[in-house]
2 protein chains.
Amino acid sequence: MPFLSNAPKITYKKPIFCVILGNTQISTIPGISGAGSTPEKTLLTPNLDAELVTTGRITSFPLKPNTPTGCPTPASITRAMIELTGVPPLFINAGLKYQLTVPYLDALGQIGEDPRKSDAVPLAKNLFCRGQEIGKLLSWSSDLLVLGECVPGGTTTALCVLRALGYPATVSSSFVQNPVSLKEAFCRQALTDITADSITDPFEIVKRVGDPMIPVAAGIACTYTGTLVLAGGTQMLAVCSVIKAINGPIPSVATTVYVRDDRTANVQVLAAMMGISMYYVDPGFGKLGHDGLARYCHGEVKEGTGAGGAMFMACMMGFTPEQIQKKIIETVLAYS
Amino acid sequence: MPFLSNAPKITYKKPIFCVILGNTQISTIPGISGAGSTPEKTLLTPNLDAELVTTGRITSFPLKPNTPTGCPTPASITRAMIELTGVPPLFINAGLKYQLTVPYLDALGQIGEDPRKSDAVPLAKNLFCRGQEIGKLLSWSSDLLVLGECVPGGTTTALCVLRALGYPATVSSSFVQNPVSLKEAFCRQALTDITADSITDPFEIVKRVGDPMIPVAAGIACTYTGTLVLAGGTQMLAVCSVIKAINGPIPSVATTVYVRDDRTANVQVLAAMMGISMYYVDPGFGKLGHDGLARYCHGEVKEGTGAGGAMFMACMMGFTPEQIQKKIIETVLAYS
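Residues numbered from 1 in each chain as written. Chains lettered and ligands numbered in written order. Predicted model: local features only at pLDDT ≥ 70, side-chain atom pairs only at ≥ 80, totals over all residues. Heavy atoms only, no water.

**Q** Help me out: how do you make sense of the overall build of chain A in this one?
**A** Secondary structure summary: chain A contains 14 helices and seven strands in total. A globule of 336 residues ought to have a C-alpha radius of gyration of about 20 Å, and chain A, at 18 Å, matches this closely. The principal-axis extent of the C-alpha atoms belonging to chain A is close to 55 × 40 × 40 Å. Counting the 336 residues in chain A, one finds 64% classified as buried. Approximately 12000 Å² of chain A is accessible, and the part contributed by carbon and sulfur atoms is 53%. (Helix = DSSP H or I, 4+ residues; strand = E, 2+ residues; numbered from the N terminus. Rg over C-alpha atoms; globule rule 2.2 N^0.38 Å. Buried < 20%, exposed > 50% of the residue type's maximum accessible area, 1.4 Å probe, protein only. Areas by Shrake-Rupley, 256 points an atom, 1.4 Å probe, with all protein chains shown as cover.)

**Q** Could you clarify how one ought to interpret the environment of Val 121 of chain B in this entry?
**A** All names here are of chain B. Position of Val 121 among the secondary structure elements: in the loop between strand 3 (104-106) and helix 3 (124-141). Taking the relative accessible area as the measure of exposure, Val 121 reaches 4% and is therefore buried. Separated by 88 residues in sequence, Val 121 and Val 209 have C-alpha atoms that sit 7.4 Å apart.

**Q** Explain the interface of chain B and chain A here, please?
**A** Often the size quoted for an interface is simply the accessible area lost on bringing the parts together. Contacts between the two partners involve 26 residues from chain B and, on the opposite side, 25 residues from chain A. Summing the contributions of chain B and of chain A, the shared interface buries around 2200 Å²; its carbon and sulfur component is 69%. For the chain B face of the interface with chain A, the top three residues by lost area are Pro 103, Leu 108 and Trp 140 of chain B, together amounting to 33%. Along the contact surface separating chain B from chain A lie zero salt bridges. Here chain B is connected to chain A by six residue pairs in polar contact (both at pLDDT 80 or more). Counting only elements with at least two residues in the side of chain B that touches chain A, the list comes to strand 1 (15-22), helix 1 (45-55), strand 2 (89-95), strand 3 and helix 3 of chain B. It is helix 3 of chain B that provides the largest number of residues to the side of chain B that touches chain A, a total of seven residues. In terms of residue class, the side of chain B that touches chain A is made up of 15 nonpolar, six polar and five charged. Bridge count for strand 3 (residues 104-106) of chain A against strand 3 of chain B is three bridges, and the pairing is antiparallel. Paired with Asp 106 of chain A across the strands is Tyr 104 of chain B, a residue of strand 3 of chain B. (Contact = heavy atoms within 4.5 Å. Buried area = accessible area lost by both parts, 1.4 Å probe. Salt bridge = Lys/Arg side-chain N within 4 Å of Asp/Glu carboxyl O. Polar contact = N/O pair within 3.5 Å; in protein donor to acceptor, adjacent residues only side chain to side chain. Nonpolar A, V, L, I, M, F, W, Y, C, P; charged D, E, K, R; others polar. Pairing = 2+ DSSP bridges.)

**Q** Help me understand the relation of the copies chain B and chain A in this model?
**A** Mapping one chain copy onto the other needs a rotation about an axis and a shift along that axis. With an RMSD of 0.0 Å, the fit of chain B onto chain A corresponds to turning through 180 degrees and sliding 0.0 Å along the axis. Taken together, the turn and the small shift mark the pair as related by a two-fold rotation axis. Across chain B, the rotation axis passes nearest the C-alpha of Leu 105 of chain B, at a separation of 2.1 Å. Comparing interface residues between copies, 96% of those in chain B also sit at the interface in chain A, which points to an isologous, same-surface contact. (Least-squares fit on C-alpha atoms with pLDDT ≥ 70 in both.)

**Q** It is not clear to me how the pairing of strand 5 (residues 227-231) of chain A should be interpreted in this structure. Could you clarify?
**A** One face of the sheet, then the other: side chains in a regular strand alternate in exactly this way. All names here are of chain A. Burial analysis of strand 5 places four of its five residues in the buried class, which makes it a mostly covered element. Strand direction decides the pairing type here: strand 4 (residues 144-150) and strand 5, joined by five bridges, are parallel. Following the sheet pairing, Leu 144 is matched in strand 5 by Thr 227. Direction of pairing for strand 5 relative to strand 6 (residues 252-256): parallel, over a ladder of three bridges. Its bridge partner lying in strand 6, Ala 231 is registered against Ala 254. Between strand 5 and its parallel partner strand 6, the chain crosses via helix 9 (residues 234-245), and the hand of that crossover is right-handed. (Right-handed = clockwise from strand over helix to strand, strands pointing away.)

**Q** Just checking my understanding: could you explain the side chain of Asp 106 of chain A for this structure?
**A** Assignment of secondary structure puts Asp 106 of chain A in strand 3. Buried within the structure, Asp 106 of chain A lacks any salt-bridge partner; its nearest side chain of opposite charge belongs to Arg 130 of chain A, at an N-O separation of 7.6 Å. Polar side-chain contacts of Asp 106 of chain A include one of 2.7 Å to the backbone nitrogen of Leu 108 of chain A. Polar side-chain contacts of Asp 106 of chain A include one of 2.5 Å to the side chain of Tyr 104 of chain B. Contact partners of Asp 106 of chain A, with chain neighbours within four places excluded, come to Asn 93 of chain A together with Gln 99, Pro 103 and Tyr 104 of chain B. (Lys, Arg positive; Asp, Glu negative; His and termini not counted.)

**Q** Looking at this structure, how should I read the packing of aromatic side chains?
**A** Aromatic ring pairs: the centre-centre distance and the angle between the two ring planes describe each pair. One pass over the full model with this rule turns up ten aromatic pairs over all chains. An angle of 70 degrees between the planes, with centres 4.9 Å apart, marks the rings of Phe 128 of chain A and Phe 203 of chain A as edge-to-face. Here Phe 128 of chain A is found in helix 3 (residues 124-141), whereas its partner Phe 203 of chain A is found in helix 7 (residues 202-209), with 75 residues between them in sequence. The pair Phe 128 of chain A / Phe 203 of chain A is uniform in exposure class, with both members buried. Between Tyr 258 of chain B and Tyr 296 of chain B the ring centres are 6.2 Å apart and the planes differ by 70 degrees, which places this aromatic pair in the edge-to-face class. Remark: Tyr 296 of chain B occurs in helix 12 (residues 291-297) and Tyr 258 of chain B occurs in helix 10 (residues 257-260); sequence separation between them is 38 residues. Accessibility classification places Tyr 258 of chain B together with Tyr 296 of chain B in one group, the buried group. Joined through ring pairs, the aromatic side chains of Tyr 258, Phe 285 and Tyr 296 of chain A make up one cluster. Here Lys 125 of chain A stacks its cationic end above the ring of Phe 203 of chain A, 4.8 Å away from the centre of that ring. The aromatic ring of Tyr 280 of chain B is capped on one face by Arg 260 of chain B, whose charged end is 5.2 Å from the ring centroid. (Phe/Tyr/Trp six-rings, centres within 6.5 Å; stacked < 30°, edge-to-face > 60°. Lys NZ or Arg CZ within 6 Å of the ring centre and 35° of its normal.)

**Q** Is there a simple way to think about the pairing of strand 2 of chain B in this case?
**A** Residues and elements named next belong to chain B. Buried residues dominate strand 2, accounting for seven of its seven residues. Bridging between strand 1 and strand 2 involves six bridges; their strand directions are parallel. Paired with Val 19 across the two strands is Phe 91, which belongs to strand 2. In the sheet, strand 2 pairs with strand 3 via two bridges, with the strands oriented parallel. Counterpart to Asn 93 in the pairing with strand 3 is Asp 106.

**Q** Sorry if this is basic, but what is going on with the packing of helix 3 of chain B against helix 7 (residues 202-209) of chain B here?
**A** Between two packed helices, the angle of one axis relative to the other and the distance separating the axes together describe the packing. All names here are of chain B. Close contact between helix 3 and helix 7 brings their axes to 8 Å; oriented N to C, the two are set at 110 degrees. Here helix 3 is positioned roughly perpendicular relative to helix 7, judged by the angle of their axes. Counted together, Ala 124, Lys 125 and Phe 128 of helix 3 and Phe 203, Val 206 and Lys 207 of helix 7 form the full contact between these two elements. (Axes fitted to C-alpha atoms, helices over the stretch in contact; angles between N-to-C directions. Parallel < 35°, antiparallel > 145°, perpendicular 65-115°, else oblique.)

Below, the structure written as structure tokens:
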């Protein structure tokens, strides 16, 4: 299996790596998200990830960057790639419950609400416009943008948005056992009004059932003038579905083979339907002699905080698979 | 009089234009700051400036970008240069009372307090560190950084910091009649403890009597790898005094001739003491046939929100004085 599924035809002079952070109240529903030791604590995960990726340490809480089951978090993989490449990460706050501890670009959003109770992202259109402003800024200073996300509970909002836009989507999960029936039941309920009212407007759909990351990412995609590579799995396909619905330019998507090979998700089907160039990174975590990383191969964690895209970027910048793997091992061992 | 006092020996490939925004409670003291129609409203000026410079309009309040006395605000000059050069502005929030309405980079600070009552910037050292992080980010994507500021009341904090660091400073003002005796009385009172305790540590001085912009700017200066040009008058000299005290690299400073020619301030003396390369822009506002701009020549407004540096940047980028003046006139007429 090659490290990268296909050789990208991308030329660039200046890459930049950004991660959009967001919360949705959905992650506090027990069983929905694996991104935190308790449902309530999933809300803090974007903040801890930003701190780790930016500074190399988590100091604001007495925590190690490992998942509740003991796997290295995807953010620690992203951090390894930041150290390897020297590309400084830029975090974009699309709407978080808690204050960040490192400098960030603020898109002026708020935490997404539970769509069964109220509109999820009342100011979705405003967030799209701010994404457009941010896309212009990033265009000025780079010609390759690798754009990740960290939104606990975000595969469920992705499912809602993709289904509402007519895709026969099934989405991935950071759990080994994807809580599919829970997500399906949630989605059915969340989409009741959209189905009843035959709503097809993409902004209205994001407003009702999305999360704050989606409109910011879509806005950036619509104004960024360089090559945009979205770094993530099914959540980034939801972003693409919105971009496609507004006739924006469809970006490429880079993610791990662990997301592609998730049998509970149909990443390749969706990507083909939307005409997306996909790049799948296979970092060979099964053969690195690290139990926590090896469990990525068996469906734990899989991806997150732009980890797949960060490895893709390192590859693009000329680092070898061996250099990438060595740096990841060194980094996660230092945290264990 | 040439448009630019001396030809800069700066080579660059990618310029970037940033403005650090901050508040200090000092601006609400009646008579201290001219940057707002009432003392309380001075706190909102950075927000309105950021909105105008980013979007070309003020929409969050029913206001025109003119000073209480009817001069075009310096932000409208900065906006004109943004339109002319096509460089997208990036605002950095060092500590504001009110939420911004456009995307910005957050340095996670708070509004500065009145130093007569408590420490002005309790987390000055943290803000310096965040400035360092931001400097690394900006280094990645540019090799010329023109860095302005907007801090109503900031000439008074600048006076306190400069004096505390041993400089025989007198500072400028946006008023025609600089409220010198008010500032002097304030400064004497604010520096009582610093003088009594013989405090010379620059971070301790900023903590006690500075404003949130100063440590962020100093932090950026200490990590930025390209050419840094601070865009402003006496406030930026206060930043330089802190940089010098910590043995950081002294940046150049660009400002207007209206600040240089302010007889109540000793810009040139201070710059010579610190060994700063100064660039003075003379936009010839007296000959453009616009009364509000002409009053800049008689000591109103003078500078602000990076206006001098923005004109300097346009000049560096090859725009002629005629193009710069034409764009400024067009822009301010559109707002009148």
